[in-house]
Amino acid sequence: MGTIILQASGLNIGNLFGSFPAGIAQGIIWGIMALGLYITFRLLDFADLTVDGTFSTGGAVTVMLLLAGWNPWLAMLVAVGAGLISGCITGLLHTRLGIPAILSGILTQLSLYSINLAIMDMKANTAVSASKTTLAITSRSIPSAILTGVIIAAVLIAAMYWYFGTEQGSAIRATGSNPEMSKAQGIDINRMKVLGLALSNGLVALSGGIMAQFQGFADVGMGRGAIVIGLAAVIIGEVLGDALLAKKLNFAGRLAFVVIGGIVYYLVIVIVLWMKLNPNLLKLFTSIIVAVFLAVPYLRAESKASFKKAGRNAVRRQKEADHD
Amino acid sequence: MTDMLVLKNIHKTFNPGTINEKKALINLNLVMEEGDFLTVIGGNGAGKSTMLNAVAGVWPVDEGSITIAGTDVTGLPDYKRASLIGRVFQDPMTGTAASMQLEENLALASRRGKKRGLAWQISKEEREHYREELKTLDLGLEDRLTAKVGLLSGGQRQAVTLLMASLQKPKLLLLDEHTAALDPKTAKKVLDLTEKIVSRNNLTAMMVTHNMRDAIAYGNRLIMMYEGQIIFDIRGEEKKNLTVEELLRKFEDVSGEEFADEKSLLSK
C-alpha cells in the first residue's frame, strides 16, 4: 500500500511525523474515493461492492494511457468513463435483471478483475515512472501532491453539492430515502439507481487513477478492500463532523468531513505501521475499525432499551415489591 | 361532466395456479365523474386496496382497461401515471422522504410527472408559495421548511403528504386508508383537512376506509366491495341519509352472508 509508508520503521517520533505528509496525501486520495462511495452508501442506500474492481480499473486505465503518451488529466477522464460504465453494469444487473444489490456488485467486481488484467496486457502490475512521464500527482513531491489532492477534492465537493441540489440530484436522493414515495412522485427509481451507481463508480475510478500516479504503478489488486476503507472514511468523517460541529453541517460540510475522514483513517494506518504492525495485517485492522464504528450506534441504542435490561428491571421491581 | 376514471372489466388474480391463488378483482367496472369524492368500504380481502393499487399502477392488471381523464394508462407503470395521480398511503412514513427537508419533499411533489433536469430543486418563489400552503394546514409547519421530515409526527406527515398530492393538481387523488394508522383525534383532523383540500382544489378523489362512519360522513358517493366486485353504489341525498345499520343490512342482503365475522372488521 505505498512504499513510502513502509519506510516508517523504528519507533522514532521523528520518523512518525516524517511520514505524516505522505499519509495525508494518500488519505486525501482515499477520501476522494469515499466521496464516490458516499453516493451509493448514504444517498442511494445501496451497498455497492463494484468499487473494489473500479478502483483498480481507474488505476489500470490511467497508467496504460500515460504509457501511451496521454495527458494525465485526459487519461483520468477516460478512467472516469470506465468507472461510469462499470457502475451502469452493476445498476442494470440489479434493476433490469432482478439480481440482488450486493450480488450485482460482486459480479461486476469479479468480472472487472479479468478486465483490469486485460487492460494491463495480462500483467498484474504496471509501473509508470514520474521521471519519464508527466503525472498529475506523484509521491516524489508530497507538498504539491497534497495541494493537487485538496484542489481536486474541493472541486468534486462543489460539483456534488451543486448536482445533488438540482432536480435530478434530489430525485436520486429521494430514491435512496423512500422508493415508494419517489415512484408516487413520478420518479423512475431504476433509472436513478443506475445513474447514482454510475456517478459513484466514476469518482472511484478517478481516485484509482490518482492513486496509481501517486504510488507510481497500477496493480490489479490495488482496489481490494476499497469499499471497507471508503466506509471507514465516511463513518469516521461523520462521527468527527457531528462531534465537532454538532450536526450543524450542510451537505458540502459533510462531504468535506468525508475527505477528512479519509485523512484521519490513513494517519491511523501510518501510526499502527510505525508501531511495527505487520502490513499484512492491515486489512484485518481496517475491518475491525469499521466494524467497531458501525456497531457503536447500534450498541448505544441497545444499552438504552434491550430485552436484557427489561428483564433485569422486571426482576428488580419484583424484589422491591416483595420487600414492601 | 367528464369521466375522470373509467375502470372497464378489470380482472386481477394473485398467485395464479398456486395453492395461494386469489381472485382479487373480478370483472370490476367503475366510472368516476369529475369532482366525485368516492369512499370505498368492504371487509378484509374485498378488493378495496387492490382496486386502488390497480389504478395507481403498482402492478399490471390481467384484463380490462384503466382510463384516467381520457388517457389510457393500462400499459403504464406507476411512475409514468404519477402526473395524473396524487397518492396518500396508509403508513404515514410512506408518503414522504424522512431524510430530506420539508421544502425538498414539497419541491419533489411539485415536479410530479415533469422532467427533472439540472435546474436548482427549489426556487425562491416556490419557497414562499410552500410557506403559504403550509400555513393553511395550521400546524405551524411554515416555520420548519428546512426541518427533516423524519422529525415530524405521523399526523403532520400525513398532512404534508396530502398537501404534496395536491400541490400539482392531480386528475385523481387516491387515499388508501390514510387515517388508519393515526389516533382518533388526529385521524379526524386529517380527514377534515382532506375534505378541505379536495373541495378547495375541486379534486376527484377515491378514499378507501375501514370506518363506515367516515365513509358515510365524507364524500358524495359510496361504494361497497365484496369478493372483488362492487356490490353497492350510492350517491347524493341517498348517501347523506345513510346509517351504519342500514349499510350493514345492505351488506347482508347482497352478500347473502351473516356479517357476524365481518362486523368486527367493518368497524363502526
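All values derive from a computational prediction rather than experimental measurement.

Residues and elements named next belong to chain A. If you walk through the whole model with that rule in mind, you get nine aromatic pairs over all chains. The interplanar angle of 15° and the centroid separation of 4.7 Å between the aromatic rings of W30 and F55 together place this pair among those described as stacked. Separated by 25 residues along the polypeptide, W30 in helix α2 (residues 13-44) and F55 in helix α3 (residues 51-67) bring together distant segments of the chain. Pair check on accessibility: W30 and F55 agree, each one buried.

The next thing to look at is the pattern of salt bridges. Residues and elements named next belong to chain B. Scanning the entire structure with this criterion turns up 17 salt bridges over all chains. The partner of R200 in a salt bridge is E133, with the nearest N and O atoms 3.2 Å apart. Within this pair, whereas R200 is found in helix α6 (residues 184-200), its partner E133 is found in helix α4 (residues 124-137), the two being separated by 67 residues in sequence. Judged by its relative accessible area of 43%, R200 is partly exposed. Given the relative accessible area of 16%, E133 is considered buried.

Turning next to a nonpolar patch on the surface. Nonpolar side chains collect at one region of the surface, where A:L281, A:L284, A:I288, A:V292 and A:V296 lie side by side and expose about 420 Å² of accessible area between them. Along the chain, the position of A:L281 falls in the loop between α11 (251-274) and α12 (282-304).

Quick look at α2(A) now. All names here are of chain A. The principal kink in α2, of about 40°, is found at L37. Counting buried positions along α2 yields 23 of 32 residues, so the element is predominantly enclosed. Measuring from the side-chain oxygen of the N-cap residue of α2 to the backbone nitrogen of G14 gives 2.6 Å; that N-cap residue is N12. One or two positions beyond α2, positive phi appears at D45, with a value near 55°.

Here we come to the pairing of strand β4 (residues 63-68) of chain B. All names here are of chain B. Where strand β1 (residues 3-14) lies against β4, five bridges are found, and the strand directions are antiparallel. The partner of H11 across the bridge, within β4, is E63. The pairing of β4 with strand β5 (residues 71-72) spans two bridges and is antiparallel. From the neighbouring strand, T67 faces β5, where its bridge partner is D72. Taken together, β4 and the strand that follows it, β5, pair antiparallel across an intervening segment of two residues, in which A69 is found at a positive phi of about 50°.

So, about the environment of B:L145. All names here are of chain B. Locating L145 in the fold gives a position in the loop between α4 and α5 (154-167). Owing to a relative accessible area of 5%, L145 belongs among the buried residues under this scheme. Taking C-alpha positions, L145 is 6.9 Å from Q101, a pair spaced 44 residues apart along the chain. L145 has contacts with Q101, L102, E103, R127, Y130, R131 and L134, leaving out every residue within four places of it along the chain.

To continue, consider the interface of chain A and chain B. At the interface, 21 residues of chain A touch 29 residues of chain B. Carbon and sulfur atoms supply 56% of the area buried between chain A and chain B, which totals about 2,200 Å² over both sides. Broken down residue by residue, the surface that chain A buries against chain B is led by A:E167, A:M181 and A:Q185, which jointly contribute 30%. Between chain A and chain B we count three salt bridges in total. Elements with a minimum of two residues in the side of chain A that touches chain B: α6 (142-163), α7 (167-177) and α8 (179-184) of chain A. Counting residues per element, the side of chain A that touches chain B draws most heavily on α7(A), which supplies seven residues. Here the residues of the side of chain A that touches chain B sort into eight nonpolar, eight polar and five charged.

Below, the discussion takes up the nonpolar core. Residues A:L35 and B:L106 are the most contacted members of the largest nonpolar core, which totals 118 residues. Broken down by element, the residue count for this core peaks at 16 residues, all from α2(A). Setting aside its immediate chain neighbours within four residues, B:L106 contacts B:Y130, B:L134, B:V160, B:L163, B:M164 and B:L167. B:I10, B:V55, B:V73 and B:I223 belong to the second-largest nonpolar core, a separate cluster that totals 28 residues.

Residues and elements named next belong to chain B. Taking strand neighbours across the sheet as the criterion, the six strands line up as β6-β7-β8-β3-β9-β10 in an open arrangement whose pairing is mixed. The open sheet is flanked by β6 (85-88) and β10 (229-235), the only strands paired with a single partner. In this sheet, adjacent strand axes meet at a mean angle of 20° when their direction is disregarded. Direction of pairing for strand β7 (residues 172-176) relative to strand β8 (residues 205-208): parallel, over a ladder of four bridges. Of the residues in β8, the one forming a bridge with L173 is A205. Sheet contacts for helix α1 (residues 48-56): β3 (37-42), β6, β7, β8 and β9 (221-226); angle to β7, the most-contacted strand, approximately 145°. Here helix α9 (residues 244-255) sits on the sheet and contacts β3, β9 and β10; the angle it forms with β9, its principal contact strand, is near 40°.

Looking at chain A as a whole, the pLDDT averages 92, with 97% of positions reaching at least 70. Contacts from residues 1-9 of chain A, a stretch scored under 50 in pLDDT, to residues over four places away or in other chains number 21 contacts.

Now for the packing of helix α3 (residues 102-110) of chain B against α4(B). Residue and element names in this part refer to chain B. Running from N to C, α3 and α4 cross one another at 100°; their axes reach a closest spacing of 11 Å. By the angle between their axes, α3 is roughly perpendicular relative to α4. In contact with L102, E103, L106, A107 and S110 of α3, α4 contributes E126, R127, Y130 and L134. Looking at side-chain class alone, the contact of α3 with α4 contains five nonpolar, one polar and three charged residues.

We now examine the sheet that holds β5(B). All names here are of chain B. Spatially, the four strands line up as an open sheet ordered β2-β1-β4-β5, and their pairing is antiparallel. Sheet topology places β2 (22-33) and β5 at the edges, where each strand pairs with a single neighbour. Strands β1, β2 and β4 of the sheet are contacted by α1, whose axis makes an angle of about 65° with β2.

All names here are of chain B. When you line up the elements, P170 lands in the loop between α5 and β7. Remark: the alpha-carbon pair of P170 and K148, spanning 22 residues in sequence, is separated by 25 Å. In this structure P170 touches L84, I85, G86, R112, A165 and L203, once residues within four positions along its chain are discounted.

Procedures and definitions
- Positions within a chain are numbered from 1, following the residues in the order the chain's sequence is written.
- A letter from A marks each chain and a number from 1 marks each ligand, given out in the order of writing.
- At least 70 in pLDDT is required for a residue's local features to be given in this predicted model, at least 80 for side-chain atom pairs to be given and counted, and no such filter applies to totals for whole chains, interfaces and linings, which use all residues.
- Neither water nor hydrogens contribute to the side-chain values; these are computed over all heavy atoms in the structure.
- The rule is short: rings of Phe, Tyr and Trp, with Trp giving its six-membered ring, pair when the centres are within 6.5 Å, and they are stacked under 30 degrees, edge-to-face over 60, tilted in between.
- Helix numbers and strand numbers start at the N terminus; a helix is a DSSP run of H or I with at least 4 residues, a strand a run of E with at least 2.
- With a 1.4 Å probe rolled over the protein chains alone, any residue whose accessible area is under 20% of its type maximum counts as buried; one over 50% counts as exposed, and the rest are partly exposed.
- Any carboxyl oxygen of Asp or Glu that lies within 4 Å of a side-chain nitrogen of Lys or Arg is treated as forming a salt bridge with it.
- Residues form patches when they are more than 30% accessible in relative terms and have no salt bridge. Like charges link within 9 Å. Nonpolar side chains (Val, Leu, Ile, Met, Phe, Trp, Tyr) link within 5 Å.
- Throughout, the Shrake-Rupley method with a 1.4 Å probe supplies accessible areas, and for residues the shown protein chains are the sole cover considered.
- Here the bend at a residue means the angle between the axes of two seven-residue stretches, the one that ends at it and the one that starts at it.
- Residues adjacent in sequence count toward polar contacts only when both atoms are side-chain atoms; beyond that, a polar contact is any pair of N or O atoms within 3.5 Å, and within protein one must be able to donate a hydrogen and the other to accept it.
- Here, strands pair whenever DSSP counts at least two bridges between them.
- Residues count as neighbours in contact if any of their non-hydrogen atoms are within 4.5 Å of one another.
- We define buried area as the total accessible area lost by two parts upon association, computed with a 1.4 Å probe and summed across both.
- Polar here means any residue other than Ala, Val, Leu, Ile, Met, Phe, Trp, Tyr, Cys and Pro, which are nonpolar, and Asp, Glu, Lys and Arg, which are charged; Gly is therefore polar.
- Nine residue types can take part in a nonpolar core, namely buried Ala, Val, Leu, Ile, Met, Phe, Trp, Tyr and Cys, and a core is a set of them joined through side-chain atoms within 4.5 Å.
- Fitting a line to C-alpha atoms yields each axis, with helices limited to the stretch in contact; the angle taken between N-to-C directions then spans 0 to 180 degrees.
- What pLDDT expresses is the predictor's confidence in each residue, scored from 0 to 100.
- For classification, angles of less than 35 degrees are called roughly parallel, those exceeding 145 degrees roughly antiparallel, those between 65 and 115 degrees roughly perpendicular, and all remaining angles oblique.

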